[in-house]
Every structure is written in structure tokens, then in C-alpha cells.
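Next come the chains, spelled out residue by residue.
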Amino acid sequence: MKMKQLIVLGVVLVALFAFYSNSNKTKKVVSNDGLKAGDLIIAPEDLNVNDISGLKITDSDDFVHLVREEGAWTVANRDNYKADFSKISRVLKKLIDLKVAEQLRVGPKNYSRFDLNSPAEGKAIKVDLLKGGEKQPLIELLIGKAFRGATVDFGQQGGGNGKYLRLGDNEEQVFIVEDSLYDIESTSSGWLEKSPFSIDKPKDVSVTHSDEVKFNFIRTEEGSDATLEGVGEEEELNTSNTSSIVSPFANFSFKDVIVGEKAKPENTGLDKPVQVVVSTFDGFTYKITLGKGEGENIDSAAQEASLTTATYYLSYTVEAEFPEFELQPREPQDDEIAKDDASEEDKNKAAKLKESRDKEDKEKQQKEYDERKDSWKEKLDKEKGFAGTIYEVDSWSAEKFFMKREDLVKKKEIEEKGEVEENPLGTPSGNNSSIPGLPGGLIPGISPQTPNSE
């Protein structure tokens, strides 16, 4: 083979090798360098969970900053509102236990294929595990798009639950993990404690509009129907509109916590609020302020294409004066009641038995009351911790309080009864003859006869 041919062949081989290497940059290769299948994504020596004092999650549209101070987690960018600790602990455990299902040799030029470019440049969700007051994260993870197939290195698992991700300080590998990581989101509302208060056993509810129009709903007994003061004899409550008023916020939920400029009264409608005061049979008193923000609720088929939903906002305070212990009478049993002709010994025995059981019953009732009172105090302390916060709430939970009287009261529906005129024989009057007591007693073709008075 001539020298010129050898040179050409060498050039071709070099080009083929370069092409093959470049085309396989994102394919898994068997290597002892870096992490491999079965390894923990975050090495135990790199992370002590007790060192984590913050969690920052960022995508191209939003971010949330969670901080831990004095053992309590809060959402920093929501004025340090209490965070959902159960969700945080679940996510941290998931990240610590996360294992490599498969590793790919991928460089920065190919990150976009897996949505792994940083949020500033692409679609990745960046998770920073923070330590103390340090600005540099302890661990930086970037989570990309979903992995839909089965993995080769980790038991042929898969089925659509995987994710591509990479470590911020590792620019040579991309990993597939067998977890959807659905809990990891950048929206602050998804990390807020969701149960700030709940109104149990409502008694009286007063609703005062900004124009001083007031409605008082009263419930005389626990579990009974509420009535509205001033309802006439021919009127009744329109329960489809009043049910959520007379039993309000038993399971309070909200969209988000409002802070900063958005929380100003003129932006939330709280400058012209509806004031709601709810007292309960357990001694709680809630003062709720409701505001209506931008938007309108349009209930019209003609305007269906332009339907919008108003935004509503809520703030509350809570106090309590718990009911005192009241001993409920006990029904004595037969062996506690001595007959009139019983001996003194039997009478004394019955009296002592009654006294003993009375004491036992009183102690039981007192214990049950003390336990209820402890739970009331615990509930009050918790709910006071959220008081004063401004919440954005769903329209269905707030809009009824803004309704006028004609929406809350309707005329009673009177059931009309038809009167039947009877003839002297006790049969309905009409044009058909019938024989009393005979099934199908109408006789076609025979005119009814007027009975002779004799």
C-alpha cells in the first residue's frame, strides 16, 4: 500500500473515531469513574441532615426559600409563615435516600436534551440544600424532565416514574433516578401549613356588610338548624346560600398567603370588608374579615365566554372563654334504690353503693372535661399563631357572605291540596256511576242516579 493511501486511510479512521465518540457522548458507558448504579446521589459523608438549615427551590418562573430556625421551618418569602414540616421532612428523606438507577456520560453541551440547563438558561428545577448562613449551598441538585423507560443497570425498573438529574459540581454525568420527585415544587403556596384554623360547633354567626347591613344567625342547641333574626312567618332561609354561612370554615383552606404590596387593604378589598363574628358551643369566638379583590363572578349563560372569578381575601383573630364544668345527672341503677319496706341494712347498702357510683361518675366526667379543655387550649394556642395573616381564599368559601337579604331569604313554598267533593253515598262526584265496594265499580253507559231521600 502506498504512503499516500496510508495517509488517507489514517485520516478516515481518525474522522470515524471522532464521529463515533461524539455520537455516543450521551450514552451510558461502563466506567469506574464517578457515581454508578446503586450509589447514593448524595454521599453520606457530604451531608449531615442536622446541618441543613435551609432549602431553596428555583425554576424559570418562581422560587421558594425555606429556612429552619430554632427547630421550626418557615417560608422566608412569605414573611416566615409556618411551613408544612411533614412535607419538608418527606422531601429531605427522599433526597438523602435517592439512588442512581443509571448513569450517562453527558457534558454541558447536551444538558438541554434532558432539561437540565439551570433555571436562568433552561427548564431545570434547582434544589439548593443550605447550611447555616452560608450563601453557597451545601448540595446543589438540578432536576430535569421525566424518564419514561426502563433502566439497564438497576433491575430493569422503570415505567414512567423516573427523572433525569445532575449534581451541580459534576459536569460529566447525568443520572436517572427511579422517583418522580413530585413533591419538589417552586411555588411557595405548596409549602405552607394548610390548616391554620377550623370552626367547630358554631353557635351564633353575625355578618355585617361595609354599609352596616347586618344579619344575625342563631342556633339555640348544638346540631340544630340556625334561624335568621327578622325572618317573617311567610319566609324561610334559602339554605342553598346560607348553609356555608351558618356552618362556616369547618375545613378552612386557602390558595396562598398574601404579603408585601399585594397585602395592602386597597388591593385586597379589606378596606371595605364584610365582618363576620362566629361564637361556638365550646367557647371560641372568631372575628373574620373578608375582602373582595379584583374580578367579578358572572352567572349568565349569555356571558359564558367572558366568565371571570373574583378574588377573595380573609384575615381572622380568635379568643376563647371555655365553658365551666357542669356535672350531668346520672340515672341510678335498680340496686341503688331500696324499697320502702327494706331493712336498714339494705337501705344503707344501697345508699353507699349510690354514693360510690356517684363519686366514680363525677371523677369520670371531670376527667373527660379536663381532657376536652386541654384540647381546647392547644387548639387556641395553635390558631392564635396564624391570626392576622392575610389569606387568598377560594370564591366558593367567601362569596356567600357578600350576598344581600333577597339572596338569603325566600318565600315559603306552600303545598297546594286539591279538595274533593263527596256525594251523599261517600263516592266522589262526577259523571261516572260506581258500585261501592266493588273493584272497578264504574259501569260504562249508566248515568249516575240521584238517590231517593227515602
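Residues numbered from 1 in each chain as written. Predicted model: local features only at pLDDT ≥ 70, side-chain atom pairs only at ≥ 80, totals over all residues. Heavy atoms only, no water.

**Details of the overall build of the protein chain**
Part 1 of the reasoning: The number of helices and strands found in the protein chain is seven helices and 19 strands.
Part 2 of the reasoning: For the protein chain, long-range pairs separated by at least 24 residues make up 66% of all intrachain contacts whose partners lie at least 6 apart in sequence.
Part 3 of the reasoning: Carbon and sulfur atoms provide 48% of the accessible area of the protein chain, an area that totals close to 28,900 Å². (Helix = DSSP H or I, 4+ residues; strand = E, 2+ residues; numbered from the N terminus. Contact = heavy atoms within 4.5 Å. Areas by Shrake-Rupley, 256 points an atom, 1.4 Å probe, with all protein chains shown as cover.)

**Description of the side chain of Lys87**
Part 1 of the reasoning: Considering the arrangement of structural elements, one finds Lys87 in helix H2 (residues 85-97).
Part 2 of the reasoning: Polar side-chain contacts of Lys87 include one of 2.8 Å to the backbone oxygen of Gly190.
Part 3 of the reasoning: Setting aside anything within four residues of it in sequence, one finds Lys87 in contact with Asp183, Glu185, Gly190 and Trp191. (Polar contact = N/O pair within 3.5 Å; in protein donor to acceptor, adjacent residues only side chain to side chain.)

**Some words on unusual backbone geometry**
Part 1 of the reasoning: We note that Asn80 has phi near 55°; this positive angle belongs to a residue other than glycine.
Part 2 of the reasoning: Position of Asn80 among the secondary structure elements: in the loop between strand E3 (72-75) and strand E4 (81-82).
Part 3 of the reasoning: For Asp115, which is not a glycine, the phi torsion comes out positive at approximately 55°.
Part 4 of the reasoning: By secondary structure assignment, the location of Asp115 is in the loop between strand E5 (102-105) and strand E6 (125-131).

**Observations regarding the sheet that holds strand E12 (residues 227-228)**
Part 1 of the reasoning: Strand order in the open sheet made by the eight strands is E12-E11-E10-E15-E16-E17-E18-E14, with antiparallel pairing throughout. Looking at which strands have only one partner, the edges of the open sheet turn out to be E12 and strand E14 (256-257).
Part 2 of the reasoning: Bridge count for strand E10 (residues 202-208) against strand E15 (residues 274-280) is six bridges, and the pairing is antiparallel. Across the sheet, residue Ser206 finds its bridge partner in E15, namely Val277.
Part 3 of the reasoning: Strand contacts of helix H3 (residues 239-246): E10 and strand E11 (214-218), with the helix running at about 110° to E10, the strand carrying the most contacts.
Part 4 of the reasoning: Its contacts with the sheet put helix H5 (residues 344-384) on strand E16 (284-292) and strand E17 (312-320), and the angle it makes with E17 is roughly 140°. (Pairing = 2+ DSSP bridges. Axes fitted to C-alpha atoms, helices over the stretch in contact; angles between N-to-C directions.)

**So, the nonpolar core**
Part 1 of the reasoning: In terms of nonpolar packing, the biggest core is built from 71 residues, with Ile41, Phe217, Leu314 and Tyr391 touching the most fellow members.
Part 2 of the reasoning: Among the nonpolar cores identified, the runner-up in size contains 11 residues, and Tyr111, Phe114, Leu116 and Ile176 belong to it. (Core = buried A, V, L, I, M, F, W, Y, C linked by side-chain atoms within 4.5 Å. Buried < 20%, exposed > 50% of the residue type's maximum accessible area, 1.4 Å probe, protein only.)

**Description of the packing of aromatic side chains**
Part 1 of the reasoning: Taken as a whole and assessed by the stated rule, the structure comprises 20 aromatic pairs.
Part 2 of the reasoning: Here the aromatic rings of Phe114 and Tyr164 are separated by 4.8 Å at their centres, their planes lie at 50°, and the arrangement is tilted. Residue Phe114 is found in the loop between E5 and E6, and its partner Tyr164 is found in strand E8 (residues 162-167); the two are separated by 50 residues along the sequence. For the pair Phe114 and Tyr164, one class covers both residues: buried. (Phe/Tyr/Trp six-rings, centres within 6.5 Å; stacked < 30°, edge-to-face > 60°.)

**Overview of a negative patch on the surface**
Part 1 of the reasoning: A surface patch of negative charge is lined by Glu368, Asp370, Glu371, Asp374, Glu378 and Asp381.
Part 2 of the reasoning: Position of Asp370 among the secondary structure elements: in helix H5.
Part 3 of the reasoning: We classify Asp370 as partly exposed; its relative accessible area is 33%. (Patch = residues over 30% accessible without salt bridge, like charges linked within 9 Å, V, L, I, M, F, W, Y side chains within 5 Å. Salt bridge = Lys/Arg side-chain N within 4 Å of Asp/Glu carboxyl O. Lys, Arg positive; Asp, Glu negative; His and termini not counted. Charge placed at Lys NZ, Arg CZ, Asp CG, Glu CD.)

**Some thoughts on the sheet that holds E5**
Part 1 of the reasoning: Across the sheet, nine strands lie side by side as E4-E3-E2-E1-E6-E7-E8-E9-E5; this open sheet has antiparallel pairing. Looking at strand neighbours, the two that pair on one side only are E4 and E5, the edges of this open sheet.
Part 2 of the reasoning: The pairing of strand E2 (residues 63-69) with E3 spans four bridges and is classified as antiparallel. Bridging across to E3, Val67 finds its partner in Thr74.

**A closer look at the pattern of salt bridges**
Part 1 of the reasoning: On inspection of all chains with the given rule, the structure shows 20 salt bridges.
Part 2 of the reasoning: Linking Lys87 and Glu185 is a salt bridge whose minimum nitrogen-to-oxygen distance equals 2.4 Å. Highlighted residues: Lys87 in helix H2 and Glu185 in the loop between strand E9 (173-177) and E10, separated in sequence by 98 residues.
Part 3 of the reasoning: Residue classification places Glu185 among the partly exposed positions, given a relative accessible area of 26%.
Part 4 of the reasoning: A salt bridge links Asp183 to Arg90; its shortest N-O distance comes to 2.7 Å. Taken together, the residues Asp183 in the loop between E9 and E10 and Arg90 in helix H2 connect sequence positions 93 residues apart.
Part 5 of the reasoning: Overall, Asp183 belongs to the buried group, its relative accessible area being 6%.
Part 6 of the reasoning: The exposure class assigned to Arg90 is partly exposed, which follows from its relative accessible area of 37%.
Part 7 of the reasoning: Through salt bridges with shared partners, a single network forms among Arg330, Asp335, Glu336, Lys354, Arg357 and Asp358.

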